[in-house]
Every structure is written in C-alpha cells, then in structure tokens.
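Understanding the architecture of this molecule
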Amino acid sequence: MTQKKKLYEGKAKILYSTEEPEVLLTYYKDDATAFNAQKRGQIEGKGEVNCAIAAALFEWLESLGIPTHYIDRPAANQMRVKAVKILPVEVVVRNRAAGSLCRQTGLPEGKVLPFPLVEYYLKNDELGDPLLTGDRLMLLDIITQEQLTQIKEMALKINEHLQDFFNRCEITLVDFKLEFGLDAQNQILLADEISPDTCRLWDRRETDPQARVMDKDRFRKDLGQVESAYQQVQQRVLAQIEQWRQSVNK
Ligand code: TMP
Ligand code: ASP
C-alpha cells in the first residue's frame, strides 16, 4: 500500500489517496488539540494507540452489523478506509452528564441521564462546531430527514454495543462523538475514529473524579499521565477484543 497524495490534514489525522480510488490511507498523529485548537500539544504514542483502538472497535462493530469505513491497519498508526464523503455533522451520544452538557444546562457532572442523549454539532471549526437543532440541520440542507433518522438509529445502536463493551473493560462510557460518511453508493458508513480522543471514559476501578479519567479530558484539563491513561484504555480494549476473537474463532 503506497500513499499517493495528501488530501487533507486534520488536527489528529492526515488523509492520503492511494492507487485505488475507493481506498484512502489515514495516518494517525500524536498531535492533540482542545478547545477548537486553542490548546495544542502532543501525546506521545497517541497515533498508534488511537489507531489500534479504533481499528479494533470498527472491526468488532462491523461484525455486529454496523457498516464502517474500516478496511485494515497496514501499520501501527495507519488505517486503510473506504473513501466516503464525510457528512458535516458531529453526532454526540451521552449516557452521563459531562463537558458542554454540564456547562450549558447546569446538570451535575456524572449524573446518569434517563435516556441516551443524541446531539448534533455542525462540523465547522470557524464557527466553533455549534450545537444544532433538527430544524437547523434541515435548514442548512446538509442532510436529509431520512439520513438523519438513520444516523440517529445507528448512533443509538453503536452506543448500546459500546456501553456493553466498555462495561466489560470496567470502563464507563460517559459520552462520545461519531462522524458518518456516504460511500459511492450513498450508503451511510460510520467513519472518523472511536478513541480516547473522541470518547469520555471513566475507570470503574477508581472513584476519585480526576483519577478515573482515561480520555482526552486529561489533556484538556491538564490532569497529567495522559499517555498512561490512553495505554490503559488500549490494553483493556485489546484484551476484550482478544476474548471476542477467541469466542468467534477469528
Ligand atoms: P463536549 O462535552 O465537549 O460537547 O464533548 C462531547 C463528546 O464529544 C466528548 O466525548 C468529547 C467528544 N468531542 C470530540 O470528539 N471532538 C470535539 O471537537 C468535541 C468538542 C468533543
Ligand atoms: N478536537 C477539538 C479541537 O481541537 C476539541 C476537543 O476535542 O476538545 O479542537
């Protein structure tokens, strides 16, 4: 697999074309940003860790009937993915109150929500990824009602699967962000990544509200030990994936 041309460089990944037009190569970087890139840094080894976690979770979700863009992982920090047109909507699913939900509603951090909250944010850095309403989504004409219904259904299913999965890792899935894309046949595929950069993950073996944080909030809030937290997530996720592989003989 040879990379051809750099198509796009995002905050955490670089996208290259390949000799196959329907296949792209994603290179996961160690760069970390927060607060719309106002805070910048590096998390050593993050590219490889996030690539390994995302690849494992995509493969597992695919086996459960969730279509994803994942093809394979030719190198530790590289993922081959199906070329999709990314929908400019970030879909956030929340099981507990944290982050912007607490800031904007006053709900106490950690409160278990009575139902999984699905939210849509416009994927637009210049505008600071604002929270959208369903009607604003329709107004902007970036997604059809039918696609929106399908995406919400997929997001809720993914949440059920991931909650189960992380429970088995002794990790609470607080919330996470998903992105979806359309392939050449206009099928909706789960895209981007699922990793400690894009999820809030709390260690169930810890009760202290800072010690339990295993995700990018360690970087956002300067809690220290970012690398080791990411590695711990990788270890637990890959151990769980290994159990799954053995149970299905993969
Ligand atoms: P929030 O509470 O800051 O809105 O974040 C909700 C979830 O989305 C959290 O798991 C972190 C993730 N997220 C991203 O992946 N990218 C982003 O740019 C932001 C703001 C949040
Ligand atoms: N990824 C986003 C950024 O830099 C925000 C975040 O994850 O907190 O800017």
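Here the structure is shown first, and the text comes after it.
Calculation criteria
Residues numbered from 1 in each chain as written. Chains lettered and ligands numbered in written order. Predicted model: local features only at pLDDT ≥ 70, side-chain atom pairs only at ≥ 80, totals over all residues. Heavy atoms only, no water. Pairing = 2+ DSSP bridges. Helix = DSSP H or I, 4+ residues; strand = E, 2+ residues; numbered from the N terminus. Axes fitted to C-alpha atoms, helices over the stretch in contact; angles between N-to-C directions. Contact = heavy atoms within 4.5 Å. Buried < 20%, exposed > 50% of the residue type's maximum accessible area, 1.4 Å probe, protein only. Polar contact = N/O pair within 3.5 Å; in protein donor to acceptor, adjacent residues only side chain to side chain. Phe/Tyr/Trp six-rings, centres within 6.5 Å; stacked < 30°, edge-to-face > 60°. Lys NZ or Arg CZ within 6 Å of the ring centre and 35° of its normal.

1. Concerning the sheet that holds strand S1 (residues 6-9)
Pairing is antiparallel across the open sheet formed by 5 strands, whose spatial order is S1-S2-S3-S7-S6. Bordering the open sheet on either side are S1 and strand S6 (70-75), each of which pairs with just one other strand. Within this sheet the neighbouring strands show an average axis-to-axis angle of 25°, counted without direction. The pairing of strand S3 (residues 23-28) with strand S7 (residues 78-82) spans 5 bridges and is classified as antiparallel. Paired with Tyr27 across the strands is Gln78, a residue of S7. Lying on the sheet, helix H1 (residues 46-63) is in contact with S3, S6 and S7; it crosses S6 at an angle near 145°.

2. Some thoughts on the side chain of Arg200
Note on placement: Arg200 falls in strand S14 (residues 199-203). Since its relative accessible area comes to 13%, Arg200 is described here as buried. Among the polar contacts made by the side chain of Arg200, one reaches the side chain of Asp175 at a distance of 2.7 Å. What Arg200 contacts, discounting residues up to four positions off in sequence, is Arg94, Ala98, Gly99, Thr172, Leu173, Val174, Asp175, Asp215, Asp217 and Arg220.

3. Here we look at the packing of aromatic side chains
Aromatic ring pairs are reported here in terms of the distance separating the ring centres and the angle at which the planes meet. Summed over all chains, the structure comprises 3 aromatic pairs. For the pair Trp60 and Phe165, a centre-to-centre distance of 4.8 Å together with 50° between the ring planes defines the contact as tilted. Note that Trp60 is positioned in helix H1 and Phe165 in helix H4 (residues 145-168), a separation of 105 residues in sequence. The burial state of Trp60 is the same as that of Phe165; both residues are buried. Aromatic side chains Phe165 and Phe166 sit 5.7 Å apart centroid to centroid with 85° between the ring planes, which places their arrangement in the edge-to-face category. Assigned by exposure class, Phe165 and Phe166 land together as buried. Members of the aromatic cluster, connected to one another through ring pairs, are Trp60, Phe165 and Phe166. Here the guanidinium or amino end of Lys13 rests over the ring plane of Tyr28, the centre of that ring lying 5.5 Å away. Note that Lys39 overlies the ring of Phe219, its terminal NZ or CZ placed 5.1 Å from the centroid.

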